[in-house]
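Chains, contacts and geometry: an overview
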Amino acid sequence: QLLIPVRAAGLIATLCRQTDDEVQLERSGDELRATWGESGLWLRCRQLAGNYPRWRDAIPERPEATRVVVRADHLAQALRQAAICTSETSKAITLTLGEQITATAESSEAGASTVTLDAIEASGTVSVKVDPSYCIAWLKTCDQVEPITVEASDSGSALVFRSEDATGVVMPMGAD
């Protein structure tokens, strides 16, 4: 197991996309060295310090969870629109997953907003309070027209986003 900075991983991925050279990854102690073919190009990065959980243990497997399928760009747009009425003191929005997805925000400083959109597919209804910026950040990593699955068990459970090739977890916010 090796955990490297996001910037280093992004740089390695970008360089891999820009060349047809074979990439060799070598680990030496707490460092990773990526070498690109015969070009002589290499990148070295250090492992992040800390005790991190195994990622499979951090992502809950919940067969009983409510699952909703929606396009990534539509959900991101709804979250951005609802987030207009959040403030520094009240960042949370209530995301209700069901056949209709509803994003609701309310603050004494900015007023209230409600945005709804239709789900492609839904297996029930559940509401979770989340910080929309974390959800939007994950949604930006997806192919925007790709259908994603969003799942939650109850109002106190993590929101799990799943695309074809990525998974993200957003923890719920407590009551104000």
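Reading the values: rules and limits
Residues numbered from 1 in each chain as written. Predicted model: local features only at pLDDT ≥ 70, side-chain atom pairs only at ≥ 80, totals over all residues. Heavy atoms only, no water. Phe/Tyr/Trp six-rings, centres within 6.5 Å; stacked < 30°, edge-to-face > 60°. Lys NZ or Arg CZ within 6 Å of the ring centre and 35° of its normal. Pairing = 2+ DSSP bridges. Helix = DSSP H or I, 4+ residues; strand = E, 2+ residues; numbered from the N terminus. Disulfide = S-S within 2.5 Å. Salt bridge = Lys/Arg side-chain N within 4 Å of Asp/Glu carboxyl O. Buried < 20%, exposed > 50% of the residue type's maximum accessible area, 1.4 Å probe, protein only. Axes fitted to C-alpha atoms, helices over the stretch in contact; angles between N-to-C directions. Contact = heavy atoms within 4.5 Å. Core = buried A, V, L, I, M, F, W, Y, C linked by side-chain atoms within 4.5 Å.

What about the packing of aromatic side chains?
- Considering all chains together, one arrives at one aromatic pair under this definition.
- Between the NZ or CZ atom of Arg33 and the centre of the ring of Trp42, over which it lies, the distance is 4.2 Å.

So, the pairing of strand 6 (residues 100-107)
- As judged from the four bridges shared by strand 5 (residues 93-97) and strand 6, these two strands associate in the antiparallel manner. By the bridge assignment, Ile93 is partnered in strand 6 with Ala105.
- Taken together, strand 5 and the strand that follows it, strand 6, pair antiparallel across an intervening segment of two residues.
- Pairing of strand 6 with strand 7 (residues 111-118) involves eight bridges; the strand directions are antiparallel. When the bridges of strand 7 are listed, Gln100 appears paired with Asp118.
- Counted between consecutive antiparallel strands, the loop separating strand 6 from strand 7 contains three residues.

A closer look at the state of the cysteines
- All told, the structure shown has zero disulfides when counted by the stated rule.
- Looking at Cys135, it has no disulfide partner, and the nearest cysteine sulfur is the one in Cys142, 12 Å off.

As for the pairing of strand 3 (residues 41-46)
- Pairing of strand 2 (residues 31-36) with strand 3 involves six bridges; the strand directions are antiparallel. Looking across to strand 3, one finds that Arg33 is bridged to Arg44.
- Linking two consecutive strands that pair antiparallel, namely strand 2 and strand 3, is a turn of four residues; a positive phi of about 35 degrees is found at Gly37 within it.

Focus: the pattern of salt bridges
- If you walk through the whole model with that rule in mind, you get six salt bridges.
- Here Glu151 and Arg67 are joined by a salt bridge, their closest N and O atoms 3.2 Å apart. With Glu151 in strand 10 (residues 147-152) and Arg67 in strand 4 (residues 66-71), the pair connects residues that are 84 residues apart, well separated along the chain.
- A relative accessible area of 1% means that Glu151 is categorised as buried.
- Its relative accessible area of 28% is what places Arg67 among the partly exposed residues.
- Across the pair Glu151 and Arg162 runs a salt bridge, and its minimum N-O distance is 3.4 Å. Here Glu151, found in strand 10, pairs with Arg162, found in strand 11 (residues 159-162); they are eleven residues apart in sequence, far enough to count as distant.

A closer look at the sheet that holds strand 1 (residues 23-28)
- Taken together, three strands build an open sheet; the order of strands is 1-2-3 and the sheet is antiparallel. The open sheet has two edge strands, strand 1 and strand 3, and neither has a second partner. Strand-to-strand twist of the sheet, defined as the mean angle between neighbouring strand axes without regard to direction, takes the value 15 degrees.

Quick look at the sheet that holds strand 7
- A sheet is described by the order of its strands in space; here four strands give the open sequence 7-6-5-9, paired in antiparallel fashion. Edge strands, defined here as strands with exactly one partner in the open sheet, are strand 7 and strand 9 (126-130). Neighbouring strand axes in the sheet, compared pairwise and without regard to direction, differ in orientation by 15 degrees on average.
- As paired elements, strand 5 and strand 9 share five bridges and run antiparallel to each other. Bridge pairing in strand 9 links Ile93 to Val130.
- Sheet strands touched by helix 3 (residues 72-82): strand 5, strand 6 and strand 7. Its angle to strand 7, the strand with the most contacts, is close to 165 degrees.

Looking at the nonpolar core
- Counting 32 residues, the largest nonpolar core has Leu75, Ile148, Leu159 and Phe161 as its most contacted members.
- Considering each element in turn, this core owes the most residues, six residues, to helix 3.
- Excluding its chain neighbours within four sequence positions, the residues that come into contact with Leu75 are Val70, Leu95, Ile101, Leu117, Leu139, Ile148, Val150 and Phe161.
- Listed in part, the eight residues of the second largest apolar core include Ile4, Ala34, Trp36 and Leu43.

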